[in-house]
Amino acid sequence: MFEDFSKYETSKEAAKLKGVKFYFPNEPCSRGHIGLRYLNGGCRECTLIRGRGGVLPEQRKSYGVGYNSAIRTGYKTSENGKITKAYDGWKRMIQRCFDAKYKEDHPTYIGVTCIEDWKDYQNFAKWWYSQPNHDKGFELDKDLLVSGNKLYSPETCCLLPMEINKTLNTKGSVSTWREKDGKFTYAVFGKIVGYEDHYLTKADVVVGIRNDRVKHLTDKWKDSLTKESYEALKNFRFMYSLD
């Protein structure tokens, strides 16, 4: 018999306000059921199957590999209707590791993967919440501690403030060719440094500004960084190629 879900609220917040038991998010649960959810986020259909002693469908996997082994009792994926920072970091990591289209659009992630344990969100979350700065709103980083790193793991990753992470990802050439007047443009962090005939004339200036910014941000966030991250940032230097 077809059940009409249109009478239900589409968010748990709205359902709470009405004092009702279920809501209908109109999206599948982790096992593919499109139906009612309890206010704690649990799928009603999954609960009914468990109650009958039935076998639940296999959990859908993110990009064919990522899964959550303890949806009801483990680390949460959302709180107060918002996705947790840990779950968001895990989802982004899984995409970067296993989404072929993402790698096609972002070639620097070709060859990047994660350890087997981190394919399970619960294992990743255990590491995330063990970090002393996990509650600062920081982002997952795999490049600072190990240069040229291609593996997401507890030994190679850390949590960094967004502005530090963004600054460290300021890579690429120090100048770009300006066809309009036959000059190379030197710019850093959105500001023009100058125009020159040679593509490396002001390379030291650009790299110097980048390194000064890293030093400034390292000092700014010192008290919120782990010892390993702080030491790595102190020793970090932008370089440029002579090719």
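This text goes with the structure placed above it.
Residues numbered from 1 in each chain as written. Predicted model: local features only at pLDDT ≥ 70, side-chain atom pairs only at ≥ 80, totals over all residues. Heavy atoms only, no water.

Time to look at the side chain of Asn-165. Looking at where Asn-165 falls in the secondary structure, it is placed in helix α6 (residues 162-168). Looking at Asn-165, its side chain comes within polar contact range of the side chain of Glu-139, at 3.0 Å. The residues contacting Asn-165, other than those within four sequence positions of it, are Glu-139, Leu-140, Asp-141 and Leu-160. (Helix = DSSP H or I, 4+ residues; strand = E, 2+ residues; numbered from the N terminus. Polar contact = N/O pair within 3.5 Å; in protein donor to acceptor, adjacent residues only side chain to side chain. Contact = heavy atoms within 4.5 Å.)

On to helix α5 (residues 121-130). Looking only at α5, the buried set comprises Tyr-121, Gln-122, Phe-124, Ala-125, Trp-127 and Trp-128. You can read the cap of α5 off the contacts: a side-chain oxygen lies 3.0 Å from the backbone nitrogen of Gln-122, and it is on Asp-120. (Buried < 20%, exposed > 50% of the residue type's maximum accessible area, 1.4 Å probe, protein only.)

In this section: helix α7 (residues 203-220). Think of an α-helix as 3.6 residues a turn; residues three or four steps apart then line up on the same face. A rise of 1.5 Å per residue sets the reference length of α7, with its 18 residues, at 26 Å; its end C-alpha atoms lie 26 Å apart and thus fit the reference within 8%. Taken as a whole, α7 has its buried residues at Ala-203, Val-206, Val-207, Arg-210, Asn-211, Val-214, Leu-217 and Thr-218. Taken around the axis of α7, the buried residues stretch over an arc of 130°, which confines them to a single face. Among the exposed residues of α7, those oriented more than 90 degrees off its buried face are Asp-204, Asp-212 and Lys-215. In this structure, the buried residues of α7 make contact with α6, β10 (183-188), β11 (191-196) and α8 (227-235). (Expected span 1.5 Å × (residues − 1). Arc of directions from axis to C-beta.)

Let us look at the nonpolar core. Counting 22 residues, the largest nonpolar core has Met-93, Trp-118, Phe-124, Trp-127, Leu-140 and Tyr-152 as its most contacted members. No other element matches helix α3 (residues 85-98), which puts six residues into this core. Beyond its immediate stretch of four places on either side in the chain, Phe-124 contacts Ala-86, Gly-89, Trp-90, Met-93, Trp-118 and Leu-140. Grouped together as the second largest cluster of nonpolar side chains are 20 residues, Cys-158, Leu-160, Val-174 and Tyr-230 included. (Core = buried A, V, L, I, M, F, W, Y, C linked by side-chain atoms within 4.5 Å.)

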